[in-house]
Amino acid sequence: MRVLLLAITLIFGGILQATAQDTAANLYVGSKRCAECHPDEYHNFSTHSKKSKSWDSVAIMQSDLTPQELEGCYDCHTTGHGKPGGFVNIKETPNLAEVGCETCHGPGQQHVESDGDPELISRKLTSQDCMRCHNEERVANFRFKPLIVSGAH
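Just so you know, these numbers come straight off a predicted model, no measurement behind them.

(A) Geometry of the overall build of the protein chain. When helices and strands are counted, the protein chain shows nine helices and zero strands. Starting at the N terminus, the α and β elements of the protein chain follow one another as α-α-α-α-α-α-α-α-α. The 153 residues of the protein chain split such that 27% are buried. Accessible area for the protein chain stands at about 10700 Å²; split by element, carbon and sulfur atoms hold 58% of it.

See the structure below:
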C-alpha cells in the first residue's frame, strides 16, 4: 500500500510539475514586444482595429459594472485574461490591457525567446477563433471579412 501511494504521488507530482513548467514556459509578452519584429502588422492593427484601444471602453464602463460584470468584459477586451501570464488588472499587467496580437495568436514568450520560430505561435486563424468574442450574442451585426481585411493584417 505504501509503495502504491508513493508511486501515485510521484506520478501525479511529476505531471503537476510538468504542467506548471509548460504553462510557465509560454506566457504573454504584450503587443509592443511583437512590434519589435512585426512593425507593419502592429501598425496596421493599432491603427485600424477598434479593439486595439479596447481598454478605453472598459475604463469608461467600469464604474457602472459589478466586479463580476467587469471580469466578463476582460475576457474579450484584454489579452489573455484568465490564462497563465495573461491580463490580471490594469495595475499589475498594463501591457495586456488591450486586445492585442496574442489575443488571437496565443502567448508569445516562447516565440520571442526562440528568435521568432513560427511553429511557436498560432498563425493559421479561422473565423472560429474570432467567434470566441465576435459572435451574434455579443455583436449584433458581426461580419468577418471586413474586420479581417481592414483589421490587423
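Read on for the rest.
(B) Seen up close, the nonpolar core. Core analysis: the largest hydrophobic core is formed by eight residues, namely Y28, W55, V58, L70, Y74, F87, L96 and A97. Going through the elements one at a time, α4 (54-61) and α5 (67-77) are the ones with two or more residues in this core. For F87, the residues in contact, after removing those within four places along its chain, are W55, Y74, T78, T79, G80, H81, G82, T93, L96 and A97.

(C) Region of the structure containing the environment of C34. You can see C34 is positioned in helix α2 (residues 31-35). In this structure, the C-alpha to C-alpha distance between C34 and G116, residues 82 residues apart in sequence, is 9.6 Å.

(D) Here's a closer look at the confidence of the model for the protein chain. When the pLDDT values of the protein chain are averaged, the result is 78; 73% of them are 70 or greater. Within the model, pLDDT remains below 50 along residues 1-24, and this stretch shows three contacts once partners closer than five positions in the same chain are excluded.

(E) A look at unusual backbone geometry. Here D115, not a glycine, exhibits a phi torsion of approximately 60°, which is positive. With respect to the helices, strands and loops of the structure, D115 is situated in the loop between α7 (109-113) and α8 (127-130). When its relative accessible area of 75% is taken as the criterion, D115 is described as exposed.

(F) The arrangement of the pattern of salt bridges in detail. Counted according to the given criterion, the structure contains one salt bridge. For R33, the salt bridge identified is with E36, shortest N-O distance 3.7 Å.

(G) Spatial organisation of the side chain of H77. Mapped onto the elements of the fold, H77 is located in helix α5. With relative accessibility at 19%, the residue H77 sits in the buried group. Apart from the residues lying within four places of it in its own chain, the contact partners of H77 are K51, S54, W55, V58, A97, E98 and V99.

(H) Broad picture of α4. Of the positions making up α4, those classed as buried are S54, W55 and V58. Taken end-on, α4 shows its buried residues confined to a sector of 100°, consistent with a single buried face. Residues of α4 that are buried make contact with α5.

Reading the values: the criteria
Residues numbered from 1 in each chain as written. Predicted model: local features only at pLDDT ≥ 70, side-chain atom pairs only at ≥ 80, totals over all residues. Heavy atoms only, no water. Helix = DSSP H or I, 4+ residues; strand = E, 2+ residues; numbered from the N terminus. Buried < 20%, exposed > 50% of the residue type's maximum accessible area, 1.4 Å probe, protein only. Areas by Shrake-Rupley, 256 points an atom, 1.4 Å probe, with all protein chains shown as cover. Core = buried A, V, L, I, M, F, W, Y, C linked by side-chain atoms within 4.5 Å. Contact = heavy atoms within 4.5 Å. pLDDT = per-residue confidence, 0-100. Salt bridge = Lys/Arg side-chain N within 4 Å of Asp/Glu carboxyl O. Arc of directions from axis to C-beta.

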